[in-house]
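Topology and contacts: notes
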Amino acid sequence: MTPLVSSPLSACLVLLTLWALTGLAGLARPMSLGFVARMLFPFGALCGIALAVVAAMSLSSPEEQLTLRIGLPNLPMHVRLDALSGSFLLLLGAASAGISIFAAGYFRRGQGTPPGLLCLQYHLFLASMGFVLLADDAYAFMVAWETMALSSYFLVTAQHGIPEIRRAGFLYLLIAHLGAIAILLSFGVMQGGSWFFTFDSMRSANLAPGWAAAAFLLALAGFGAKAGLVPMHVWLPEAHPAAPSPVSALMSGVMLKTAVYGVLRVTFDLLGNVEWWWGLVPLALGLLSAVYGVVFAAVQTEMKRLLAFSSIENIGIVFTALGLAITFRGVGMHALAALSLVALLYHCLNHALMKSLLFLATGAVLHSTGERNLGRLGGLIHRMPWVAWLTLVGALALAGLPPLNGFVSEWLLLQAFLFAHDVPQTFINMLLPLGAAVVALAAALAAYVMVKFFGVIFLGKPREESLSGAHDAGFLERAGLVWLAAGCFVLGLMPTQVVGVLRGVVERFSGATLPEASTSWWLLAPLPDRASYSAPLFFLATTALVVVTILTVRHFYRRRATRVAPWYCGFGPLTARMQDTAEGFGQPIRHIFTGFFAMRRELPSPFDRSPRYRVTVEDRIWRGLYLPLGSLVQRIADAVAWLQQGRIATYLLYSFVTLVALLALVL
Amino acid sequence: MTPLSILTQALELIAALAAAPLFLGWVNQCRAWLQNRSAPSILLPYRNIRKLFHKDAVVATNASPLFRLAPYVVFGAMVAAASIIPSMGTGLPFTRAADAIALVGIFATARVFLSLAAMDIGTAFGTLGARREMMVGFLAEPALLMVIFVASLISATTSLPAVTENLATRDLTIFPSLAFTAVAFTMVLLAENARIPIDNPATHLELTMIHEAMLLEYSARHLALMEWAAALKLFNYATIGFALFVPWGVATGMSGPGTLFASIPILGIKLIVAGFGLALIETASAKLRVFRAPEFLAVAFLFGVLGLLVRLLLGA
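Every chain begins its residue count from 1, and numbering advances along the sequence as written. For this description, chains carry letters from A and ligands carry numbers from 1, given in the order in which they are written. Under the rules for a predicted model, residues below a pLDDT of 70 receive no local features and side-chain atom pairs below 80 are neither given nor counted, while totals for whole chains, interfaces and linings still include all residues.

Digging into the overall build of chain A
Helix and strand definitions follow DSSP, with helices as H or I runs of at least four residues and strands as E runs of at least two, each counted in order from the N terminus. Per the secondary structure count, chain A includes 23 helices and five strands. Computed over C-alpha atoms, the radius of gyration of chain A comes to 26 Å, within 12% of the 26 Å expected from 2.2 N^0.38 for 667 residues, which places it in the range of a compact globule. Dimensions of chain A, computed from C-alpha atoms along their principal axes, come out at roughly 100 × 70 × 60 Å. Our exposure labels follow a C-beta count within 10 Å of each residue's own C-beta, placed from the backbone: buried means 20 or more other C-beta atoms, exposed means 12 or fewer, and partly exposed covers the counts in between. When each of the 667 residues of chain A is scored for burial, the buried share is 55%. Here the globule rule reads 2.2 Å times residues to the power 0.38, and the radius of gyration is calculated from C-alpha atoms.

As structure tokens, this is what we get:
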């Protein structure tokens, strides 16, 4: 090994540089799809795997720091690799490897940005996310953060010919920058009068409680905007569907997690001394986001919008865990704080894999059918068996069903909720179990959403004639999907090992220790004598039961199975139109959660010759918060515009008045 | 893993597989008596399953492998659930492998596979049933978890056998919080098992069906497994109810094989009483409109919350 990559940190830096160079190499032959897709993207995937391996190794090695003499004079960039960065780099590497492999087979010749440019944006996006995780001073962090926002903006608007996509891109950029301002202000508060913006000086700064709370709330607002926390979520369901599918997967699976990383870094590392009441804000917003996201996901008719709302739900669950961790930490219940943080990190990993898997699957469906509207899909399990069965893995995982990975993190979170009954504040003590009920409701609704997602796309009869020409995904696309699905299985079946690793991570960045409870490799028991779960045993037992049932029936059953047309109640043949549409499947949700939606319906009268039924479901927050806010800004701008008279004499008067005012102030 | 625990496990599995259709038959018989009809034989569910296993299977032309796999998954999940519920003894070998939250997860898995299979053929009734089943599911699951939370708060564990052991070996005290959750649990049981206020197991009116609508395309061995799984689900819910609310008579960790065998008739008595009670509730109530189901289950959820608050505020 050369001295250059002698340590995990320098190895990470080399890999990030390689990503950036891969992107630049795309410019060499920008129009050549073959070069970009067959050479550069697979190479990027290899870098991702290498990054995951290096990050995994770094989790057990001591943290290290480096000062890079690049950038502005006298402002070197500091980088640092510790357990927290390492765990998120692992997530970035593992998820991006699958996504890049898929992307190698995904991008087609045609409309929008040329492939070479796309390659540059894509790999810069990856490298900047990695650099966000490594940055150790506010300058480096903000530079990386903005590079990430800008490169992803260009990726979102890859098909910039379409007005809606430009609009979605603008909304994304706007909210990303509002968030960035809040983050910048938070750093400004945290430097605590020393005017040094390295994270080291922020760690040692002694903030007054009020300022610390202000820094925390600003960071929560800034990172929450990037993560898609309600009420700052509006960009997410617009930007995710607009982007090409691998980019949506990257944004939803990985980029949202960099925001989670930011909150964790600020809260537990830079601020350190948290107070219990801080936790109530992310807890409340997280629970709200979880229910809001999943309820909206259930009524969507476009597959990528549905997944985008489901991401809001999962981010809600992550922030709920964050709120719990802060509250427990604030009242000195360290074991439960550690348990919540383990659940948080576990859920981040899970969500990165399963949501990327589902977004990529929608990409495969989109390519094969040209349809993104659920109402025009159906029956694809016959035409695209690979994609269908791999999607089923992701859907079951996202629905939080055992023995896959989604269940484990939700189980850990529920345990944290459930054994929280010794909090000194009685009021919180009572509210926490209700929070658990909300999490349970969100998880159960997630199962509803996933049945809708999988059932409407892959099962039933094809709703359009054109679907009979659908074909399965290509080799590289399948490889990407298999990689992610395998990740779901590994995380689901080896929770003891994963929790063992995450426990160490949590201990090193937050100081909260989860007692070593597991006595054996197969049993997960984070809180001794209270709860335990064994994924391998559970999986083996259930699989064995199913196999035994199949074999027993095979052995004793001597009858044949014949194929006939389905029963049609004697009314004539069934048509695909008789199945539920996506709207139909969401109807109970619209009925039950009416309060969430701004709904408009056009019902046909009985005498219409060509009856039309139309229903639009809109976000109340968009109408109630963003539109008034937008018009307020517009009105202020109009009022200020009065100053612009367009005459030089007036402007000279302004200068004069300003000068006089300043003189009066100074003298 | 002692020989006794393996014996307990084997007895429980055999009892669940064998007694589940019998329990269903008993409920149907009681219902018939209460409604002044001549009752069908208590063995009718067995005969039905046997008949179905002797028929040629008919599968729709556009059924995918998922459709044929689903009955086995649903059945397997129900048997797995039966193996971790302490219906006779708490010394089960797999107690630590899955707790009560995982049990809820198993039921959810079965429900998801059943719904997906119902959507697979693409008939109007299949998707209708799937949609309604998932709706009832997501409403019932939080209420069920509330019930489990109360029980695990009282005994400081989420492991079902440990909860049972804890409650059974205490001095006889009545927890008001458990009384509230018992009401909640009964309502969840009715909803989850397609019983009367929510669904009608005897209905042939397609528009009001939930569970039956999902099974319309199944026949022969697949249908037999589905019916058996439904009976097992009812049995499982009943035994969860016993484990939480009437845990007495179950063989606990310290007791020997004598108590284990004594627990068999006790379980039988509990099932007889519970079956009669279930028939009574079903006879006394009318089926609700589908869109009244959320209200019904919201009440169940509120009872669960009430139990929780009573537990947290009064420690009772």
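After that view, the rundown keeps rolling.
A word on the overall build of chain B
Per the secondary structure count, chain B includes 11 helices and one strand. Helices and strands in chain B line up, N terminus first, as α-α-β-α-α-α-α-α-α-α-α-α. When the backbone C-alpha atoms are referred to their principal axes, chain B occupies close to 60 × 45 × 40 Å. Looking at chain B as a whole, 61% of its 316 residues qualify as buried.

A short note on helix α9 (residues 220-245) of chain B
With 26 residues, α9(B) should reach 38 Å at 1.5 Å per residue; the first-to-last C-alpha distance of 37 Å fits that figure. Summarising burial for α9(B): 24 of the 26 residues are buried, a large majority. The span one expects for a helix is its residue count, reduced by one, times 1.5 Å.

Quick look at helix α5 (residues 124-155) of chain B
Residue and element names in this part refer to chain B. Over its 32 residues, α5 runs 46 Å from end to end, which matches the ideal 46 Å to within 8%, given 1.5 Å per residue. For α5, the principal kink sits at Ala-140 and spans about 25°; a proline, Pro-142, occurs within the next four residues. For α5, a buried count of 30 out of 32 residues is recorded, marking the element as mostly surrounded by other parts of the structure. One or two steps after α5, the chain reaches Ala-156, where phi turns positive at roughly 55°. Bend angle per residue: angle between axes fitted to the 7 residues ending at that residue and the 7 residues starting there.

Quick word on the packing of helix α3 (residues 83-106) of chain A against helix α19 (residues 495-510) of chain A
Residue and element names in this part refer to chain A. One can describe the packing of α3 onto α19 by two numbers: an axis separation of 8 Å at closest approach and a directional angle of 140°. It follows from the interaxial angle that α3 and α19 lie oblique. Each of Ala-83, Leu-84 and Ser-87 in α3 lies in contact with α19, whose residues at this interface are Leu-502, Gly-504, Val-505, Arg-508 and Phe-509. Considered class by class, the residues forming the contact of α3 with α19 number five nonpolar, two polar and one charged. As a rule, the C-alpha atoms of each element are fitted with a line to give its axis, helices using only the stretch in contact, and angles between N-to-C directions run from 0 to 180 degrees. Roughly parallel refers to an angle under 35 degrees, roughly antiparallel to one over 145, roughly perpendicular to one between 65 and 115, and oblique to any angle outside these ranges. Our contact criterion uses C-beta atoms placed from the backbone: two residues qualify when those atoms are within 7 Å. Three categories are distinguished: nonpolar for Ala, Val, Leu, Ile, Met, Phe, Trp, Tyr, Cys and Pro, charged for Asp, Glu, Lys and Arg, and polar for the others, with Gly belonging to the last.

Thoughts on the interface of chain A and chain B
Counting from both sides, the interface comprises 66 residues of chain A and, opposite them, 67 residues of chain B. At the level of secondary structure, the elements contributing two or more residues to the side of chain A that touches chain B comprise α14 (380-383), α16 (405-418), α17 (426-458), α20 (535-556), β3 (561-564) and α21 (582-592) of chain A. In terms of residue count, the dominant contributor to the side of chain A that touches chain B is α17(A) (15 residues). In terms of strand pairing, β3(A) meets strand β1 (residues 57-60) of chain B through four bridges, oriented parallel. Along β1(B), the bridge assignment pairs A:Val564 with B:Ala60. We call two strands paired when DSSP finds no fewer than two bridges between them.

A short note on the nonpolar core
By definition, a nonpolar core groups buried Ala, Val, Leu, Ile, Met, Phe, Trp, Tyr and Cys residues that are joined through C-beta atoms within 7 Å. The biggest cluster of nonpolar side chains holds 371 residues, and the ones touching the most others in it are A:Cys12, A:Val342, A:Leu357, A:Leu445, A:Ala447, B:Val74 and B:Met146. The greatest single-element share of this core, amounting to 22 residues, is contributed by helix α13 (residues 334-369) of chain A. Not counting the four nearest positions on each side in its chain, A:Leu445 is found in contact with A:Val294, A:Val295, A:Ala298 and B:Phe138.

Some thoughts on the confidence of the model for chain B
On average, residues of chain B carry a pLDDT of 88, and 98% of them reach 70 or more. Taken together, the chains of this predicted complex give a pTM of 0.93 and an interface ipTM of 0.94. On a range of 0 to 100, pLDDT expresses the predictor's confidence in each residue.

Some remarks on unusual backbone geometry
Residues and elements named next belong to chain A. The omega angle of the peptide bond from Val-230 to Pro-231 is 10°, so this bond is cis rather than trans. In this structure, Pro-403 follows Pro-402 across a cis peptide bond, with omega equal to 5°. On the secondary structure map, Pro-403 appears in the loop between α15 (385-398) and α16. In this model, Trp-195 sits at a positive phi of 60°, which is unusual for a non-glycine residue.

Some remarks on the environment of A:Ala535
All names here are of chain A. Locating Ala-535 in the fold gives a position in helix α20. By C-beta crowding, Ala-535 is classed as buried, having 28 other C-beta atoms within 10 Å. Residues Ala-535 and Leu-491 lie 44 residues apart in sequence; the distance between their C-alpha atoms is 9.9 Å.

Describing the environment of A:His351
All names here are of chain A. Relative to the assigned elements, His-351 resides in helix α13. Residue class for His-351 comes out buried when judged on the 30 C-beta atoms lying within 10 Å of it. Setting aside chain neighbours within four positions, we find His-351 in contact with Gly-253 and Asn-314.

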